[in-house]
Amino acid sequence: MNYVRPKATRLFSAAAAVAAALVLAGCAPASPAPESGSEAGTPVTGGTLVYASGDAEPTCLDPHVGGNYPQALVASQYLETLYTKDASGQLIPWLAEDSTVSEDGLLRTLKIREGISFTDGTALDAAAVKANFEHLLDPETASSTGFLALGKIASMKVVNTTTLELTLSTPDSSLLESFSMPWVAIESPTALKRSQEDNCAAPVGTGPFKVESWKKQDAVNLVRNADYVQPVATEGHDGAAYLDAITWRFIPEAATRYAALQSGEVQIIDNAQPDTIAAAAKTQTIKHLDAPRPGASNRIELNSSKAPFNDASVREAFIHAVNVDASIDSLFFGTAPRSYSPLSSAEPLAYSAESLFAYDPAKASELLDAAGWSERDAEGYRVKDGTRLTLTFPVSTSQSIPAEQSLFEQLQATAKESGFDVKIKLLDLSSWYGELFKNDYNLVSAPYTKVGPSVLSVLFHSDSTIPAPSGYFANLSQVKDPSLDALLDTAGSTKDEAERKDLYSQAQKKVLEGYYLLPLYDQQNHFLYSEKLRNVGATTAVATPTFFDSWLAN
Amino acid sequence: MSTSTISRQRLAPILGRTARWVLGKLGGGIFVLWAVATAIFFGIRMIPGDPAEAIMGGPGSQASAEALAAARAEYGLDQPLYVQYFSQLWRLATGDMGTSYSLKTPVAEVLGELIPPTLVLAVLALVVAWALALVLAVLSTRSGAVGTAIASGLEIVSAAVPHFWLASVLIMLFATALGWLPPVSTSTPAGLVLPVITLALPLAGFLGQVMRDTMARAQRSAFALSARARGESEIGVLLRHSLRHAALPGIALSGWAFGSLLSGAVVVESIFARPGLGRSLLSAVTARDIPLVTGVALISAAAYVVIMALSDIAERLADPRIQAS
């Protein structure tokens, strides 16, 4: 009956109490759950699950190196994290047992769980965790996601085998959320001492599966960790995983991936596209898992650093000029509920403001007239002082799925009725980053996955308008508002959960009411799987599925 | 005038001609490889973005300044462009293709793994295309105007079909609807069937068209007439005399055909999720993995040069008239 694997039980009340103190209780999101009802049957041990990923094959299986979502997907099978989220979306300790923070927020003490071993026999202890953090912070590792998550750690001290003290440069209210991300997963310190090449080929963790081999461009072969012990007892089963092995394949073509699922060649596919999800809904044999990613919602950012969007009323006019709902309905077949928040619905602290985003061409027209864009040229576009109301919109073809690209084209069409000339440029990832770096955009859509509301600081703090050495910057609406910075800074360092919630809500209200962004929907993360694969639905804190409790029916 | 009595004087000019031919081919081949290496070296630098970023995990990496600087120094990207260009040429000339930015393994090693599956795919597709084209040419020539019209229609359609469309239709038909064949490449021979057919059909269309034209012309020619006069059966004339003629343009086209198979492999390997040169070229370009892109392009160009030379030789063997001219 329990089709979602809860990672914590009510028995584990001590941990739950700590978690409740750390995370605001009571507003957990609906956790990812299969669309089907109960799955009857007795679990069967054995069998090989074939997983087909549509993502680019990772170049390294250790998510410490670089740190992207495809790495997180596969690594969630063999690596585990210090913290995780349970079925209700509550942050709970996992490889960690407990954590406390000093009054000034600068000393974080981590208690590491005892009796857990990595699959190479090395024991998990405080020194192992320290070795992992050092590995992440070492420039040689070239970690980007994990490196940013640990950026506030100034020094570390192993107090005893189970206690690690972290001294922070500034208080960090999102540190435990960071610890729940697979990019900061804990690996065997013995294995980390190998060369990066060896570690990339077969990272060693504590998870229910382990990497057996990796044939590039073909498959990563994972086998069951026979000695697996769940750090926290769950309502699922004990001991090792049901599945003997997982074959992790890479099938880049969406249509081929779905055909492989239909023909039984594979049992689960990721990056399922809206049309195939709709098609699968009509079958009895294929089921759907919708697991929106945490962090930011998918949204269009309005570049406020230059004309015409340096004028707030033009931003507001654009938002009322585009008919988002109608387009999403027709292009996503009901698979993508509309968002009105900068944060994903998977974030307990998401704040929505639906009333700001109504499609209202009359209001758009009024605002544009008042802003001086009252004349129209021969083609019907608005003009001011001889300049056309043109918006450049670089779109990354690797980050925006075809349905999203079509959505942008439909928004372009409705914006034209109000006199906006939206110029969509479809670009490869390198060229797309090039346009952003040159500030050659008025509109842009970029995903951002991170656990917790601190993603708001990444996206909207004025510090994030300063490019990294590579030219990358995350504040693409280029909001520079000292009062917003202050809200985000205080929220990021407070120990008071109620205050944190209030400050992050205020910050979200501010960016929404400033019309810096147009929220679209959650970051889409759809899986389709064969009905023969049972007990699918458990995910990590970043919404990557885990298959500890899954089994293959005969 | 038997060939067994070739004298010294007659052999020398033939050897000289052969040597000149070999040297010409070799020089042409080296020129092609140099041109490819140069075009790629400068072409890939026109794409915006920093190659050091590609080393540090691809576009949009949040690598630190120190990490980027270290990567630039390690891969020589801090040198002036002309220094990079000439040292790149020198390395390539000495057989060192460098280390892949994204895979962090030597390009030669990566290519060693990727060439066999692509070669198997391309060679099988070439063989199947040849077989289909010949069968179609023989059958249609035998069956008169209606047969010719049908065959010609089939050839035009299959030659015009894009690979990705054909692949999708074949998957829908044979994998999804009928369930006979796997939609993705597997280790079993069954997994090769759809990719090979996808590559072979358009090529068979091209080859079939030229072969049938030549065969029809040969059937009407004087030597066919004299063979018939000698009492040779109609099928005998076709197989023993006209077929050889029909094969000539096919052989000449095979060099070009092999090139088209390599470019087709980019699409087919991606759709059927097959490991190989084509698929890795696509991911290498996306990741701006300059050494790997260069490696794949050079290997493809080298294969093209070799196949062109081979088809030249085959053409000479099949048609003694070429030697004489």
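Residues numbered from 1 in each chain as written. Chains lettered and ligands numbered in written order. Predicted model: local features only at pLDDT ≥ 70, side-chain atom pairs only at ≥ 80, totals over all residues. Heavy atoms only, no water.

**A closer look at the sheet that holds strand E5 (residues 107–112) of chain A**
Residues and elements named next belong to chain A.
- With antiparallel pairing, four strands are arranged side by side in an open sheet as E4-E5-E7-E6. Of all strands in the sheet, those bounded by a partner on one side alone are strand E4 (96–101) and strand E6 (153–160). On average, each strand axis in the sheet is inclined to that of its neighbour by 20 degrees, with strand direction left out of account.
- Of the strands in this sheet, E5, E6 and strand E7 (163–168) touch helix H3 (residues 126–137), which is tilted by about 165 degrees from E6. (Pairing = 2+ DSSP bridges. Helix = DSSP H or I, 4+ residues; strand = E, 2+ residues; numbered from the N terminus. Axes fitted to C-alpha atoms, helices over the stretch in contact; angles between N-to-C directions. Contact = heavy atoms within 4.5 Å.)

**Looking at the packing of helix H16 (residues 482–493) of chain A against helix H17 (residues 497–513) of chain A**
Residues and elements named next belong to chain A.
- Taken N-terminus to C-terminus, the directions of H16 and H17 make an angle of 155 degrees; their axes are 9 Å apart at the nearest point. The orientation of H16 with respect to H17, classified from their angle, is roughly antiparallel. By crossing handedness, the relation of H16 to H17 is classed as left-handed. Contacts from Ser483, Leu484, Leu487, Leu488, Thr490, Ala491 and Gly492 in H16 reach Glu499, Arg500, Leu503, Tyr504, Gln506, Ala507, Lys510 and Val511 in H17. (Parallel < 35°, antiparallel > 145°, perpendicular 65-115°, else oblique. Left-handed = near helix turned anticlockwise from the far one by under 90°.)

**Observations concerning the sheet that holds strand E12 (residues 286–290) of chain A**
Residue and element names in this part refer to chain A.
- Ordered by their spatial adjacency, seven strands build an open sheet running E8-E9-E10-E1-E11-E21-E12, and the pairing between neighbours is mixed. One side of each edge strand has no neighbouring strand; the edge strands of this open sheet are strand E8 (209–215) and E12.
- In this structure, strand E1 (residues 48–53) lies alongside strand E11 (residues 268–269), joined through two bridges in parallel fashion. Residue pairing in the sheet places alanine 52 in a bridge with isoleucine 269 of E11.
- Of the strands in this sheet, E12 and strand E21 (526–530) touch helix H9 (residues 274–281), which is tilted by about 35 degrees from E21.

**A closer look at the domain arrangement of chain A**
Residues and elements named next belong to chain A.
- Partitioning chain A into structural domains gives domain 1 (1–54 + 208–292 + 525–554), domain 2 (79–196) and domain 3 (298–521).
- Tallying the contact residues gives 15 residues for domain 2 and 16 residues for domain 3.
- Roughly 1000 Å² is buried in total at the junction of domain 2 and domain 3, and carbon and sulfur atoms are behind 50% of that figure.
- Where domain 2 packs against domain 3, one counts two salt bridges.
- With a closest N to O distance of 3.8 Å, glutamate 103 and lysine 495 form a salt bridge.
- Partitioning the side of domain 2 that touches domain 3 into residue classes produces five nonpolar, six polar and four charged. (Domains from an automatic or database assignment. Buried area = accessible area lost by both parts, 1.4 Å probe. Salt bridge = Lys/Arg side-chain N within 4 Å of Asp/Glu carboxyl O. Nonpolar A, V, L, I, M, F, W, Y, C, P; charged D, E, K, R; others polar.)

**Observations concerning the interface of chain A and chain B**
- Every contact between the two is made by 28 residues of chain A and, on the other side, 35 residues of chain B.
- Between chain A and chain B, the buried area comes to about 2700 Å², and carbon and sulfur atoms account for 61% of it.
- Counting every contact that joins chain A to chain B gives zero salt bridges.
- Taken together, chain A and chain B are joined by two residue pairs in polar contact (both at pLDDT 80 or more). (Polar contact = N/O pair within 3.5 Å; in protein donor to acceptor, adjacent residues only side chain to side chain.)

**Side note on the side chain of arginine 113 of chain A**
Residues and elements named next belong to chain A.
- Counting through the fold element by element, arginine 113 comes out in the loop between E5 and H3.
- In this structure arginine 113 is buried but unpaired, with glutamate 97 as the nearest side chain of opposite charge at 5.2 Å.
- A distance of 2.5 Å separates a polar side-chain atom of arginine 113 from the backbone oxygen of tryptophan 94.
- A distance of 3.0 Å separates a polar atom in the side chain of arginine 113 from the backbone oxygen of alanine 96. (Buried < 20%, exposed > 50% of the residue type's maximum accessible area, 1.4 Å probe, protein only. Lys, Arg positive; Asp, Glu negative; His and termini not counted.)

**As for the pattern of salt bridges**
All names here are of chain A.
- Throughout the structure, instances matching the rule amount to 20 salt bridges over all chains.
- For aspartate 369, the salt bridge is made with arginine 382, and the minimal N-O distance between the two is 2.8 Å. Residue aspartate 369 is located in helix H12 (residues 361–370), and its partner arginine 382 is located in strand E15 (residues 382–384); the two are separated by 13 residues in the primary sequence.
- Arginine 382 sits in the buried class, given a relative accessible area of 3%.
- Via salt bridges that share partners, Asp377, Glu379, Arg388, Asp421 and Lys423 belong to a single interconnected network.

**What to know about the UniProt feature "domain: ABC transmembrane type-1" (unreviewed entry) in chain B**
- Those residues carrying the UniProt feature "domain: ABC transmembrane type-1" (unreviewed entry) are residues 115–311 of chain B in this numbering.
- Regarding residues 115–311 of chain B, the helix share stands at 86% and the strand share at 0%, and the terminal C-alpha atoms are separated by 20 Å. (UniProt positions renumbered as here; feature names shortened; annotations may be inferred.)

**Some thoughts on the domain arrangement of chain B**
Residues and elements named next belong to chain B.
- When its domains are assigned, chain B resolves into domain 1 (3–93) and domain 2 (107–323).
- Relative to domain 2, the C-alpha centre of domain 1 lies at a distance of 28 Å.
- Contacts between domain 1 and domain 2 engage 20 residues on the former and 16 residues on the latter.
- Both sides of the domain 1 and domain 2 interface together cover about 1600 Å² of buried area, and 73% of this is carbon and sulfur.
- It is Trp21, Ile40 and Ile44 in domain 1 that bury the most area against domain 2; as a group they hold 34% of the surface buried on that side.
- In this assembly, domain 1 and domain 2 are joined by one salt bridge.
- At the junction of domain 1 and domain 2, the tally comes to two residue pairs in polar contact (both at pLDDT 80 or more).
- For the side of domain 1 that touches domain 2, the elements supplying multiple residues, two or more each, are helix H1 (8–46), helix H2 (51–55) and helix H4 (81–93).
- At 11 residues, the largest contribution of residues to the side of domain 1 that touches domain 2 is made by H1.
- Each residue belonging to the side of domain 1 that touches domain 2 can be placed in one class, and the counts come to 13 nonpolar, three polar and four charged.

**Observations regarding the UniProt feature "transmembrane region" (unreviewed entry) in chain B**
All names here are of chain B.
- As annotated by UniProt and renumbered to match this structure, "transmembrane region" (unreviewed entry) occupies residues 21–44, 119–139, 160–180, 192–211, 250–272 and 292–311.
- Within residues 21–44, the helical portion is 100% and the strand portion 0%, while the C-alpha atoms at the span's ends are 34 Å from each other.
- When the span residues 292–311 is considered, its composition is 100% helix and 0% strand, and the gap between its end C-alpha atoms is 28 Å.

**So, the environment of tyrosine 101 of chain B**
Residue and element names in this part refer to chain B.
- Looking at the element boundaries, tyrosine 101 is found in the loop between H4 and helix H5 (107–142).
- Spatially, the C-alpha atoms of tyrosine 101 and alanine 54 are 6.4 Å apart, while their sequence positions differ by 47 residues.
- When near neighbours in sequence (up to four residues on either side) are disregarded, tyrosine 101 contacts Pro51, Ala54, Ile55, Tyr75, Leu77, Arg288, Asp289, Ile290 and Pro291.

**What about the environment of glycine 95 of chain B?**
- One can find glycine 95 of chain B in the loop between H4 and H5.
- Sequence spacing of glycine 95 of chain B and serine 168 of chain B is 73 residues, and the spatial spacing of their C-alpha atoms is 39 Å.

**What about a nonpolar patch on the surface?**
Residues and elements named next belong to chain B.
- Together, Phe164, Trp165, Val169 and Val267 line one region of the surface with nonpolar side chains, adding up to about 350 Å² of accessible area.
- Per-element accounting of the nonpolar patch gives the leading share, three residues, to helix H7 (residues 163–177).
- Note that tryptophan 165 resides in helix H7.
- What makes tryptophan 165 partly exposed here is its relative accessible area of 45%. (Patch = residues over 30% accessible without salt bridge, like charges linked within 9 Å, V, L, I, M, F, W, Y side chains within 5 Å. Areas by Shrake-Rupley, 256 points an atom, 1.4 Å probe, with all protein chains shown as cover.)

**Focus: the pairing of strand E18 (residues 421–427) of chain A**
Residue and element names in this part refer to chain A.
- Here seven bridges tie strand E17 (residues 390–396) to E18, and the two strands are oriented parallel to one another. Directly across from proline 394, in E18, lies its bridge partner lysine 425.
- Handedness of the E17-helix H13 (residues 402–417)-E18 crossover: right-handed. (Right-handed = clockwise from strand over helix to strand, strands pointing away.)

**A word on the pairing of E5 of chain A**
Residue and element names in this part refer to chain A.
- Alternating residues of E5 divide into Arg108, Leu110 and Ile112, all buried, and Leu107, Thr109 and Lys111, none buried.
- What sits between the antiparallel neighbours E4 and E5 is a turn of five residues, in which glycine 105 has the positive phi angle 75 degrees.
- Relative to E7, E5 runs antiparallel, the two sharing five bridges. Among the inter-strand pairings, lysine 111 is bridged to a residue of E7, identified as threonine 163.

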